Structure formats: C-alpha cells, structure tokens
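# Structure at a glance
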Amino acid sequence: MKSRGGELGATHNFTNGVSFIGSYTFLDAEISENATNEGNKLARIPENAAALWVNYAFQDPQFEGLSIGAGVRYVDERFSDSANTESRIAPEITVFDASVSYDWNDWSATLAARNIADETDVTFCSPGVSDVFPLIPTGNTAEAGGCALSEGRTVSLSLTRTF
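The model shown is predicted, which means the values in this text are computed figures rather than measured ones.

## Notes on the environment of leucine 52
For leucine 52, the location among the structural elements is in strand S3 (residues 48–57). As a C-alpha pair, leucine 52 and tyrosine 24 span 28 residues in sequence and 8.9 Å in three-dimensional space. Not counting chain neighbours up to four residues away, the residues in contact with leucine 52 comprise Phe20, Ile21, Gly22, Ala70, Gly71 and Val72.

Right, here's the structure in full:
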C-alpha cells in the first residue's frame, strides 16, 4: 500500500457566539505490491472527504447555555473492491446533521440528529456481487444484495455531567 495526501482543519470562534469547524482530506491511496491489482485504488478509501460544522451559542442572558448547530459531511465516490471494478463504485454522498444543546451548572443535555435527510450510502459490496449499486433500496437496512449500507437517520439525546 502506498498513500499520499493531506488533511486541513480549521476552527474559528467569533465574539457573537458563532463558531465554525471545518476539515478537508485528500488521500491518494493505491495498492503498491500486488501482481494482480498493483496501481489500483485501495477499496473503500475516498480520495476526497470534507466536513463543516456551524454552531451558535445564544448571547441573550435569557437563553444562556443554549446553543444550536448544523453541519454537512461529504465523502467522495470510492471503489468497493481492490480490482477497481467500474460497476462496483460506491457513489459520493453528502449528509446533513444538526444539534441543540443546553448547558447548566455541571450538566449538559444534547439532542442530535445525524443524516437528517436519511441518505442511503453503500459503504462496500462483498466479492462476487456485481452491478448491485442501482438495485440498492432507499430504505435503511443493514445489508442489501451483499452490500453494507451506512447508518440512516439517527436521533440521540444525551445528558452528561462534568465533575
């Protein structure tokens, strides 16, 4: 295996309660020592991935401790196998996330939603499965046609205490 690439990340907190967190990754990963697949892209590794999160902490004393956030995540298309079969390319995907948090004393409560639009993402297909990507259902199942799907929409509520 041989890989070249880089990752950039940035954060910024404005004085008005708005903050940004962003990242971008470029990764050129290929098989370097294999007679059959040498020079091919590594399976399941996207060349590009990016994420951006924006958070707003309310500044009005009436809403002290309340914050809301929204984000977007992007993953480039990627081969599902080491042979780099054209019919087994997992498509690119963009998903959206959001959260509402409230902090008080030593406590924090967060309601978070991931993959709000309930996008189906094929993460990979098993060897021997061909031309299956157009057949993937739009519902959320753990496996379809020998292919693993990513997690669909999830909503979580957490309560934490710092001590």
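## Thoughts on the pattern of salt bridges
In total, this model carries 5 salt bridges according to the counting rule given. The salt bridge partner of arginine 4 is aspartate 28, with a shortest N-O separation of 3.4 Å. Of the two residues, arginine 4 sits in strand S1 (residues 2–13) while aspartate 28 sits in strand S2 (residues 18–30), which places them 24 residues apart along the sequence. Take aspartate 28: its relative accessible area is 15%, and that puts it in the buried class. Lysine 41 is the salt-bridge partner of glutamate 47, the closest N and O atoms lying 3.0 Å from each other. Residue class for glutamate 47 comes out partly exposed when judged on its relative accessible area of 28%. The partly exposed category is assigned to lysine 41, whose relative accessible area is 28%. Each member of the salt-bridge network shares a partner with another, and the members are Arg4, Asp28, Lys41 and Glu47.

## A word on unusual backbone geometry
Not every positive phi belongs to a glycine, and asparagine 105 is a case in point at roughly 45°. By the secondary structure assignment, asparagine 105 is in the loop between strand S7 (93–104) and strand S8 (107–114). For asparagine 115, which is not a glycine, the phi torsion comes out positive at approximately 55°.

## Considering the side chain of aspartate 28
Here lysine 41 takes part through its side chain, which lies 2.6 Å from a polar atom of the side chain of aspartate 28. Residues in contact with aspartate 28, not counting those within four places in the same chain, are Lys2, Ser3, Arg4, Lys41 and Glu47.

## Some words on the packing of aromatic side chains
Under the defined criterion, the tally for this structure stands at 4 aromatic pairs. Their ring planes at 75° and their centres at 5.0 Å tell us that tyrosine 56 and phenylalanine 58 sit as a pair that is edge-to-face. The interplanar angle of 50° and the centroid separation of 5.8 Å between the aromatic rings of phenylalanine 58 and phenylalanine 63 together place this pair among those described as tilted. Here phenylalanine 58 falls in the partly exposed class, since its relative accessible area comes to 27%. These aromatic residues form a ring-pair network of at least three members: Tyr56, Phe58 and Phe63.

## Things to note about the sheet that holds strand S4 (residues 66–75)
Read across the open sheet, the 7 strands follow the order S1-S2-S3-S4-S7-S8-S12; overall the sheet is antiparallel. For this open sheet the edge positions go to S1 and strand S12 (154–161), each flanked by a neighbour on one side alone. Averaged over all pairs of adjacent strands, the angle between their axes in this sheet comes to 10°, without regard to strand direction.

## Some points on the environment of isoleucine 31
Its location among the elements puts isoleucine 31 in the loop between S2 and S3. Residue classification places isoleucine 31 among the buried residues on the basis of a relative accessible area of 10%. Counting along the chain gives 29 residues from isoleucine 31 to lysine 2, while the straight-line C-alpha distance between them is 6.3 Å. Apart from the residues lying within four places of it in its own chain, the contact partners of isoleucine 31 are Asn37, Glu38, Gly39, Asn40, Lys41, Leu42 and Ser82.

## With respect to the confidence of the model for the chain
Taken as a whole, the chain shows an average pLDDT of 86; of its residues, 86% reach a score of 70 or greater. Summarising per-element confidence for the chain, the mean pLDDT is lowest in strand S10 (residues 143–144) (46) and highest in S3 (98). Counted against residues more than four places away or in other chains, residues 132–144, with its pLDDT under 50, gives 30 contacts.

Cut-offs used in this document
- Residues numbered from 1 in each chain as written.
- Predicted model: local features only at pLDDT ≥ 70, side-chain atom pairs only at ≥ 80, totals over all residues.
- Heavy atoms only, no water.
- Helix = DSSP H or I, 4+ residues; strand = E, 2+ residues; numbered from the N terminus.
- Contact = heavy atoms within 4.5 Å.
- Salt bridge = Lys/Arg side-chain N within 4 Å of Asp/Glu carboxyl O.
- Buried < 20%, exposed > 50% of the residue type's maximum accessible area, 1.4 Å probe, protein only.
- Polar contact = N/O pair within 3.5 Å; in protein donor to acceptor, adjacent residues only side chain to side chain.
- Phe/Tyr/Trp six-rings, centres within 6.5 Å; stacked < 30°, edge-to-face > 60°.
- Pairing = 2+ DSSP bridges.
- Axes fitted to C-alpha atoms, helices over the stretch in contact; angles between N-to-C directions.
- pLDDT = per-residue confidence, 0-100.

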